[in-house]
Structures are given as structure tokens and as C-alpha cells.
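Given next are the chains, with one letter for each unit.
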Amino acid sequence: MVCDFFYPKLGGVENHILSLSHHLIRLGHKVIVITHAYGNRKGVRYLSDSLKVYNCPFIPMTDRDSLPTFMATLPLMRSILLRENIEIVHAHQATSTMANESIVYGSALGLKTVYTDHSLFGFADLGSVVLNRVLQATTSTLDAAVCVSHTCRDNFILRARVRQTSKVVVIPNAIDPFHFTPATANERDYAASTLTNNSYNTQRIKIVVVSRLVYRKGVDILVGVIPIICRACPHVDFIIGGDGAKLLLLQEMVERDRLEGRVEFLGAVPHAQVRNVLIRGHVFLNCSLTESFCIAILEAASCGLAVVSTNVGGVPEVLPGDLILLANPNVGDMVVRLQQAIESQSNPKTALDPYKTHERIKEMYSWSRVALETVRVYDRVMEQKSLDLWERLQCYNAMGGLTGVVVCCLVLMFQVWFYVVEWWLPARSIEVVPDLTQSLPSKDSHATSSSATKIEHIE
């Protein structure tokens, strides 16, 4: 697994890599993670289930992404791949420099390459145009691609201009259903006895928002929705967890409309504490402007909350229609759908049964299933023939026009550097490290960030 985004920083991509790696190990496969250093977290570390993580001393830039070098990271990445006797390089996320470079390195080493796309990107703005062109180049020699939703698959095929669409498969995300469970009677009683009426009251409807407070997450819509709902529904309060550039906008709205007693800000919520926030609510609100697969609504539904979300990207694919209310990404439609959810949850006869909802989510989504489907992709690519240099050049040249010629020239320069590194550090001189990973039985257990504890650190 190769990606710039990994533990200790956590998000959708990081949690996906961590959980998938744990369950692949439980199926008896050897898995390592290659990422860049995070502060003092450098060298080699072992997480739970003997998951080995290489925190490489690469320079991170903005948004925790490594500095693009194209060739400077080859000696270390090559050494790791050969020392660990790796057969498949699985890269994650288009915006990860290490992921893009690892696909090129893996193809040059004759390894199989797999890529997982986690996000939706546009086609018009300059950043998306450049990113899509880079993605098209690096994935030209890809053996297989995995997308987390059908919408994400269509977006990836168009962005990367994939010619063999059969190589692109859909494997949805998952959650740990044993971690995201509805509140027990004891938990609700304890919360009611220890928390103030502002933060918890079983007679009031609580709307929960847990998200990064940035433009892409629809905070501007949320700013418009909250005052309208608070005026129309006096028995409704909001709980907002998260941090980001748009937090100040929300705080100004609360102060302007004098909603201090109706809106509670929790700040950044560690992933291990998300369930404790969700079980305090009745309705989960997602205002995202773009999502390939929204894990947050899946976690909320698993905790028994009704879900109201914008109808964007791959969101409609996540939950059955009776568990989610979809709205157009505007204030008016969101208010209408949210009022429907509030009315439904206020009536015991129409409110969702949290335990039945949890059981349905548990049957639909699990990391064990994701791991098994990923293994099928691995098995398929292992049967394919590796491309030689001439075949790889043909793939790059198929980009067409001046771009194809430029990419081929860059690849030839890279190949010369690859031969220099091979002469400097021959593959036969690199000692293969013993495999310390022990096969564990496959089971749905807590392979989340909360279980990611360090066992050993080797400088």
C-alpha cells in the first residue's frame, strides 16, 4: 500500500488503507504500507496485526503531500519493494505524489500495479486539468483500478481516459460495524444524568454534523439551513463536530442569530470518538457538494440515525432509500428534507429502529468482504503478463500528440536513472527481510484507527 495520507493523520483514505491492510493480513497475505514521515514518526514501525509501516524521509508540502520529484525517491522506494519481496504495488488517491510515482516504479520493476481512486474531480479548472493529465500518464501501464462507487468509476474512466474499462472495478468502502453501534439504554441514561440540557435532552431532537468544515463539505449550505430550522422547530438542536477554514463562518452565524443555546461546537473529533458523538443525535446531516462515497453517512446509519444528505456524486449508492433522504445541494431543498426527517424521528411510530438499522448496515458492509473482493483483483492481475520497456512506451505514447512524446521522453530519462540505480545498488545485493507477519483468521474485528498502536520502532 502506497500513499502520502496515512496514520497518524486520519480521514477516509487513511482509514480505508488501514482497515483493508489489517483484513488482508488476516486472510494470510503480507502487507506493508509506504508513506512519508510525520514529524518525529520516521523509519519503520509496526502497528497492530504486525502491519509494517515505512515512514520515508520525504519532504511533505501542502496538505501532507510529498514534493514531486519523479526520480529522487526511486532508490529508497526500489530498495523497500525489493527487500520486502513485494509482488503487487497498490497505490491510493490521485493527489498523492507517492502513489503516482510508485505506479511508475512498480511497472519498471516488473511488479503488478493496482490503483484505488477515492475522490471525484472536475475537468474545467486548471488544477483538475493538470491532475487528470498526470493521472492519465501514471495509470497508462496500470494492471487494474478500483473505485469506491459507480459514479467514481465513471469519473475516473473519463479523467484518466481509460481504454480498457474492464480493468476498472467497483469495490465500495466499508466500516467496522462492531465499533459503530447504537446507544445502549445505559449510555442514554448516563448521558441524560451527566450532561446539561443544552448538550443532551431525550425530549429534544438532535441533528448531528461531523465533517471537516471546508467549502467542499457544504458549510455555506449549513450556514443557511441552521437558522431556518431553529426558527421553524423550537425542539431541535444542532451538534457540530469538526474543524476547518469555515468554522468562523458558522460561529458568526450562531452569534448573529443568537443560537448559542441551540448549536454546540465540539471542535475536531478523533475518529475513535465519532460514535460517542453520533449516538447523542437522532438525525445526521451531510451537506457535501461532492462525494465519491461518504463513509460518514454509513457510520451514522450504523449508529441508528436517520440520514439527510445532498444528492451528489456516489452518495445515492451508499444507503437504501428508506434510510436516507436526498436533497439537491441548496438551502431550500435541504430544509424541506430535514424537516421531513425531524417529523419522522419525532414520532415513535415512524422513527427508525436503531438496532434494526444497524443490523442492515452490518449485513451490507464489512471490511472482510472488501478484502475478499480486493484479493480477487490481485489474483486476476497476477495472471497478467508484465510489460517490457517497449510495451510501456507504447502505452505512454497512446496518450497522443505532443503529450505522448513528452511522457515517453521522461520515461526514457527515468529508465536511464533506473539503470544507474541498479548499477549503484544491484538487486542481488539487497537482502530480503524475513516475513514477521503471522496469518490470522478472518473476522470482523476492530481494525480501525483506535487499534493502531505502535509495537516497535526501528530507526
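See the structure shown above.
Bear in mind the structure is a predicted one, so any value in this text is a computation, not a measurement.

**Structural notes on the layout of surface pockets**
For step 1, the next point in the chain: There is about 1,600 Å³ of room inside the largest pocket.
For step 2, the next point in the chain: Leu10, Gly11, Gly12, Arg212 and Lys217 are, among the 49 residues lining the largest pocket, the residues nearest its centre.
For step 3, the next point in the chain: Of all the elements, helix α1 (residues 12-26) adds the most residues to the lining of the largest pocket, at four residues.
For step 4, the next point in the chain: Of the residues assigned to the lining of the largest pocket, the class counts are 21 nonpolar, 18 polar and 10 charged.

**A few points about the packing of aromatic side chains**
For step 1, the next point in the chain: Inspection of every chain in the model, using the stated rule, returns five aromatic pairs.
For step 2, the next point in the chain: Centre to centre, the rings of Phe293 and Tyr365 are 6.1 Å apart; their planes meet at 70 degrees, and the pair counts as edge-to-face. Here Phe293 is found in the loop between β11 (283-286) and α10 (295-302), whereas its partner Tyr365 is found in the loop between α12 (354-364) and α13 (367-382), with 72 residues between them in sequence.
For step 3, the next point in the chain: According to the relative accessible area criterion, Phe293 is buried, its value standing at 7%.
For step 4, the next point in the chain: Residue Tyr365 is classed as buried on the basis of its relative accessible area, which comes to 7%.

**Description of the sheet that holds strand β7 (residues 168-170)**
For step 1, the next point in the chain: Taking strand neighbours across the sheet as the criterion, the four strands line up as β4-β5-β6-β7 in an open arrangement whose pairing is parallel. The sheet is open, and its two edges are formed by β4 (88-92) and β7, each paired on a single side. Along the sheet, successive strands turn relative to each other by an average axial angle of 25 degrees, direction set aside.
For step 2, the next point in the chain: For β4 and strand β5 (residues 112-117), the ladder comprises five bridges, and the chain directions are parallel. Note on β5: the bridge partner recorded for Ala91 is Tyr115.

Parameters and conventions
- Residues numbered from 1 in each chain as written.
- Predicted model: local features only at pLDDT ≥ 70, side-chain atom pairs only at ≥ 80, totals over all residues.
- Heavy atoms only, no water.
- 1 Å grid on protein atoms, 1.4 Å probe; cavity = no way out; pocket = protein on both sides within 12 Å on 5 of 7 lines; lining within 4 Å.
- Points joined across faces, edges and corners; volume = space filled by probe spheres on them.
- Helix = DSSP H or I, 4+ residues; strand = E, 2+ residues; numbered from the N terminus.
- Nonpolar A, V, L, I, M, F, W, Y, C, P; charged D, E, K, R; others polar.
- Phe/Tyr/Trp six-rings, centres within 6.5 Å; stacked < 30°, edge-to-face > 60°.
- Buried < 20%, exposed > 50% of the residue type's maximum accessible area, 1.4 Å probe, protein only.
- Pairing = 2+ DSSP bridges.
- Axes fitted to C-alpha atoms, helices over the stretch in contact; angles between N-to-C directions.

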